[in-house]
Amino acid sequence: MDTETTRQISPESAAAILDSISDGVFTIDENWRISEFNRAAEEITGIPRQEAIGKPCHEVFRASMCEVDCAMKRTLKTGEPEVNRSGFIVDAEGSRIPVSVSTALLRDSSGKIIGGAETFRDLSLVEALRKELSGRYQLGDMVSRSPDMQQIFELAAQVAASTSTVLLRGETGTGKELLARAVHGLSPRNKGPFMAVNCGALPDTLLESELFGYKAGAFTGANQDKPGRFARAHGGTLFLDEIGDISPALQVRLLRVLQEKQVEPLGGTAPIDVDVRVIAATHRDLEKMVEAGEFRQDLFYRINVIKIDIPPLRKRKEDIPLLVNHFIERFNRIQAKAVKGVTGEAMALLMTHDYPGNVRELENRIEHAFVLCENGWIEPRHLPESGGGIKSSGSTAANFQDAVNAFEAQLIREAMRENGYNRLKTARSLGIHKTTLFRKMKSLGIEFPEYDGRNRIAE
């Protein structure tokens, strides 16, 4: 046999080969300690090779799957390599980096397992492109593909550039604070603080001191000065949630602050200038409260410069799949799990519920499912029994068919609306033939309105 083909590669040559690879590569020994660490691994993790060598791999390669579903551990257990497992690592600076991971066993000349090798690819660019493509569906921590919410996203971006007071209206759980934070994040004030106060959660006296602060000696127990939220939000944004719950007396003080741009702490003798952008929110009908004398008209006009109404989730059910994926990604990150998604049956059940608690209720349902679903796919059995039409005493098969029908009806109605009630366009957008659409609509009891555009020429 040719001696050239049997010649062993020197450690120096092996290291040079590893350093020429653009993916991160490290190897571990039988004790799970890192034995090799290439240049790309240094660059991606931000950890020098000399610091990584000899350390347990989980201390260096801090990945989302390490604690729950370690790819290397699975390979060592099954003998099968893992290929392109998605996850993320936390680099030396604490930043979260999306990666794909592949693993393989290392054996000696006799075939004995002596460790493992793991390669990981930095997917930051891919993730950035994905976010750019989906960016039109996201504003801050809010996600939506609903046409109504898209208009709100566009308006919020325009509003952010101004200093005008904003009034957000919507049912509890629709995401008013998330929208307020998004407006702040897009505004020139984003380097300043964002302060939030729930006006309905505090009694009048506490809310007054919380908003305006107090001086030492202003009342029993006031041993030192305390700046209020207005003062602490100087240069930033103050979010006043449930502003419709404040008393008439406090409304007077709040109006004066908004007009004069000054606050006077309890027990103080001189006003303090404040530069604060106010965003207020309520689930109440303030116009009716003004008519009933429960809310000051002048304060209403002061906060109602720009009004944004956030629709409830039941009126934008096309957002449910997007929100479900958003919550799954977040809970996977927070709880270090590897839940892949929801099954079609579970999604159909989620789509049928009316969500009186809106987006917050949907989030709670997914969190409930996470408790019961360790890994894999969320199934109907993982969802709360009260959701999506499931009742413990009824026929599961019948309830599921009702859920599927409701899901299909919702998709068809949304497609109709988005396509101007043009039948051919609606069918095309759903990827079905128009006769199939008509048959589905008939079985589900859906009718086109009088102005359906059936005589239009389809584009």
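Everything discussed here concerns the structure shown above.
Residues numbered from 1 in each chain as written. Predicted model: local features only at pLDDT ≥ 70, side-chain atom pairs only at ≥ 80, totals over all residues. Heavy atoms only, no water.

**Some points on the environment of A160**
So the rule is basically this: Helical segments are the DSSP runs of H or I of at least four residues, strand segments are the runs of E of at least two, and each set is numbered from the N terminus. Residues count as neighbours in contact if any of their non-hydrogen atoms are within 4.5 Å of one another.
Turning to its location among the elements, A160 is positioned in helix α8 (residues 147-160). Separated by 20 residues in the primary sequence, A160 and A180 have C-alpha atoms spaced 9.5 Å apart. Not counting residues up to four positions away in its chain, the partners in contact with A160 are V183, L186, S187, P188 and R277.

**Observations concerning the sheet that holds strand β5 (residues 113-122)**
Filter applied, for reference: A pair of strands is considered paired only if DSSP assigns at least 2 bridges between the two. Simply put, an axis is a line fit to the C-alpha atoms, just over the touching stretch for a helix, and the angle between two N-to-C directions goes from 0 to 180 degrees.
Across the sheet, which stays open at both edges, the five strands sit in the order β2-β1-β5-β4-β3 with antiparallel pairing between neighbours. Looking along the sheet, the strands with just one partner apiece sit at the ends: β2 (34-37) and β3 (85-90). Shown here is a sheet whose adjacent strand axes are inclined to one another by a mean of 35°, direction ignored. With three bridges joining them, strand β1 (residues 24-28) and β2 adopt antiparallel strand pairing.

**As for the environment of A180**
Defined as follows: A 1.4 Å probe rolled over the protein chains alone gives each residue an accessible area, and that area as a share of the maximum for its type sets the label: buried under 20%, exposed over 50%, partly exposed in between.
When you line up the elements, A180 lands in helix α9 (residues 176-186). Residue classification places A180 among the buried positions, given a relative accessible area of 0%. Spatially, the C-alpha atoms of A180 and A281 are 8.8 Å apart, while their sequence positions differ by 101 residues.

**Looking at the pattern of salt bridges**
What counts is decided by this rule: For salt bridges, the criterion is a side-chain nitrogen of Lys or Arg within 4 Å of an Asp or Glu carboxyl oxygen.
Scanning all chains against the criterion turns up 19 salt bridges. With a closest N to O distance of 3.8 Å, K215 and D225 form a salt bridge. Residue K215 is found in the loop between β10 (213-214) and β11 (226-227), and its partner D225 is found in the loop between β10 and β11; the two are separated by ten residues along the sequence. A salt bridge links R365 to E361, with the shortest nitrogen-to-oxygen separation between them at 2.8 Å.

**Let's talk about the packing of aromatic side chains**
The criterion, for reference: Two rings belonging to Phe, Tyr or Trp (six-membered ring only in the last case) form a pair when the distance between their centres is within 6.5 Å. Interplanar angles under 30 degrees mark stacking, angles over 60 mark edge-to-face geometry, and anything in between is tilted. Each ring is checked for a lysine NZ or an arginine CZ that lies within 6 Å of its centre and within 35 degrees of its normal; such an atom marks a charge sitting over the ring.
For the coordinates displayed, the defined rule picks out five aromatic pairs. Centre to centre, the rings of F300 and Y301 are 5.6 Å apart; their planes meet at 55°, and the pair counts as tilted. When the ring of F331 is compared with that of F370, the centres are 5.4 Å apart and the planes differ by 55°; the resulting orientation is tilted. Here F331 is found in helix α15 (residues 320-335), whereas its partner F370 is found in helix α17 (residues 358-372), with 39 residues between them in sequence. Like F331, the residue F370 is buried in the burial classification. Its end group placed over the ring of F331, R330 keeps NZ or CZ at 5.4 Å from the ring centre.

**What about the pairing of strand β12 (residues 237-241)?**
Burial of β12 is extensive: five of the five residues sit out of reach of the surface. Residues of β12 alternate between two faces, with T237, F239 and D241 on one and L238 and L240 on the opposite face, all of them buried. Both strand β9 (residues 194-198) and β12 contribute to a ladder of five bridges, which runs parallel. Following the sheet pairing, F194 is matched in β12 by T237. Note: β12 against strand β15 (residues 277-282), four bridges, orientation parallel. For L238, the partnering residue across the bridge sits in β15 and is V278.

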